[in-house]
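So you can see what is in the structure, the chains are spelled out below.
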Amino acid sequence: MEMKRRIFLILTSLLMSLTAMVSCTDDGGTGKIQLGEGQASSISFSAGQTPGEIRFTAAAAWSAYTQTTPAGGVGEVEWLHVDTRNGSAGDAVVTFTLDANCTGTSRTAYIVIICEDQKVVIAITQTADDYAGEEPDKLGSGTVEITKTMYYNQSADSENPTYFPETHTYLIVYQDGKPLRMVSRWREDLNSNSADSYCMAEQTWRFTWSGSEVVADCKTVNTYHPSGKVVVDEESRHYARLADGRVVEGNYKWSEDDKASDWTAAYDASGYLLNTRNNDATTTWDKYDFTWGGGNVKSIKSTSGGVVTITYADPALLNLHRQLDLNWIVPGSLEYYDFAAGDITRVFASFGLMGNPSKHLATEISENDGNNTWSCRMTYKENSAERTVVTATDFVDGRQREYAEWEIKYNNIK
């Protein structure tokens, strides 16, 4: 088994169909911002439609923001969130998210895109007629906001570690119980040998649903400062086929790979995951057998020799959100545990697409490869329908490596 690529989850996505916009200069000419052909300057959404995008071409660096009126009111729109706020010359996309409209009345705000001395203003209107008397949470549409602060040991002295923080933010968008988009951002400081002092990384997952199939495209882009250089760092595609709402087979492939890795998943009659198989782009298939007890997965054994043990020390820690399974999301990098999820990013397992989740939240997940024991211990400070706060600490043979502090906010997510 080759060492997996360590990419950040966060876990985003199929974007809602938009009519796009008219010419973007004040005089109707070509200008420095050219928006999509045949698009309109006003876009309408229903109350439960949360994601959107604006595609355009810019002649130079550009920025985007919201305002409450056509003439101004910058930063005052609480329900309309611009996910992509700036970029460089060339083809570009502004992605944005609308909160569910539970006000009972329609509402309108504006997204402004500026390129040097020119700008375009797009009206975003959201109606209030999606729910037809139902409570919004019955639709399973909404967002999850995550702040994850990683603390890396920067000291060569393992007995006296010095931890350096790195903060990642995530926005996950759902529609009718399905993930559509996940955007993660973080800053990486560069060493003194680099001409730039830091880079801002943005990783985007886009989920495209078609009948019983879903494709998740992932792309990581680094923007270096102060030079403004933009580099596509990593791209991958993840496919899965579903039956009875559960993924049963799929594959994944990174852009530099010659061949995709295939995997399968099997379930019992009650919808609990029995095993997965993964060939890791080879002709050899490894199998991962799951053992359950009391509604929780207790262990996973691989035919290649790895053994994963999962501990649930607190019976009050219920796994509350089927659409976002924290048992797959919170633990740090564990080789066999990742491969046991079929797709080594854990992406489909994280979004509740691999059968019944464990009833409780794990407090420790460990694995042994015959040489070392790798583990992640979770300490939950809060776990409610609205918010989860947890610290996840990684260990090797009982010695602490790094840890992460998570704050997860749920908006209308089951």
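Residues numbered from 1 in each chain as written. Predicted model: local features only at pLDDT ≥ 70, side-chain atom pairs only at ≥ 80, totals over all residues. Heavy atoms only, no water.

With that settled, consider the overall build of the chain. The helix and strand tally for the chain stands at three helices and 26 strands. Going through the 414 residues of the chain one by one, you find that 50% of them count as buried. When the accessible area of the chain is evaluated, it comes to approximately 18500 Å², of which 46% is carbon and sulfur surface. (Helix = DSSP H or I, 4+ residues; strand = E, 2+ residues; numbered from the N terminus. Buried < 20%, exposed > 50% of the residue type's maximum accessible area, 1.4 Å probe, protein only. Areas by Shrake-Rupley, 256 points an atom, 1.4 Å probe, with all protein chains shown as cover.)

Right, let's talk about the pattern of salt bridges for a bit. A full pass over the atoms with the stated rule returns 15 salt bridges. Ionic pairing is found between K32 and D117, a salt bridge with its closest N-O pair at 2.9 Å. Here D117 lies in the loop between β9 (107-115) and β10 (118-126) and K32 lies in the segment before β1 (33-35), a separation of 85 residues in the sequence. By relative accessible area, which is 63% here, D117 ends up exposed. (Salt bridge = Lys/Arg side-chain N within 4 Å of Asp/Glu carboxyl O.)

Moving on to the confidence of the model for the chain. Overall, the predicted model of the chain reaches an average pLDDT of 83, with 85% of residues at or above 70. Counting contacts from residues 130-140, a segment whose pLDDT is below 50, to residues more than four positions away or on other chains yields 26 contacts. (pLDDT = per-residue confidence, 0-100. Contact = heavy atoms within 4.5 Å.)

Another aspect to go through is the packing of aromatic side chains. The full count for this structure, using the stated rule, is ten aromatic pairs. With 4.9 Å between their ring centres and 65 degrees between their planes, Y272 and W292 make a pair best called edge-to-face. Of the two residues, Y272 is situated in the loop between β18 (261-267) and β19 (273-278) and W292 in strand β20 (residues 286-293); the sequence distance between them amounts to 20 residues. Site record: aromatic cluster; members linked through ring pairs are Y174, W205, F207 and F351. Sitting above the plane of the Y267 ring, R246 keeps its charged end 5.2 Å from the centroid. (Phe/Tyr/Trp six-rings, centres within 6.5 Å; stacked < 30°, edge-to-face > 60°. Lys NZ or Arg CZ within 6 Å of the ring centre and 35° of its normal.)

Moving on to the side chain of S358. Among the secondary structure elements, S358 is positioned in the loop between α3 (347-350) and β23 (364-368). Given the relative accessible area of 6%, S358 is considered buried. Not counting residues up to four positions away in its chain, the partners in contact with S358 are W292, G295, N296, V297, Y312, N319 and N327.

What follows concerns the pairing of β20. Bridge count for β19 against β20 is four bridges, and the pairing is antiparallel. Across the sheet, the residue bridging to N278 is D286, located in β20. Strand direction decides the pairing type here: β20 and strand β21 (residues 296-302), joined by six bridges, are antiparallel. Counterpart to D289 in the pairing with β21 is K301. In sequence, β20 turns back onto β21 through a hairpin of two residues, with G294 there showing a positive phi of about 65 degrees. (Pairing = 2+ DSSP bridges.)

As a further point, take the environment of E405. Summarising the element assignment, E405 is placed in strand β26 (residues 399-411). For E405, a relative accessible area of 31% puts it in the partly exposed group. Through-space distance from the C-alpha of E405 to that of T147 is 8.1 Å; in sequence the pair is 258 residues apart. Among all residues touching E405, those that are not within four sequence positions of it are T147, K148, T149, Y151, V390 and T391.

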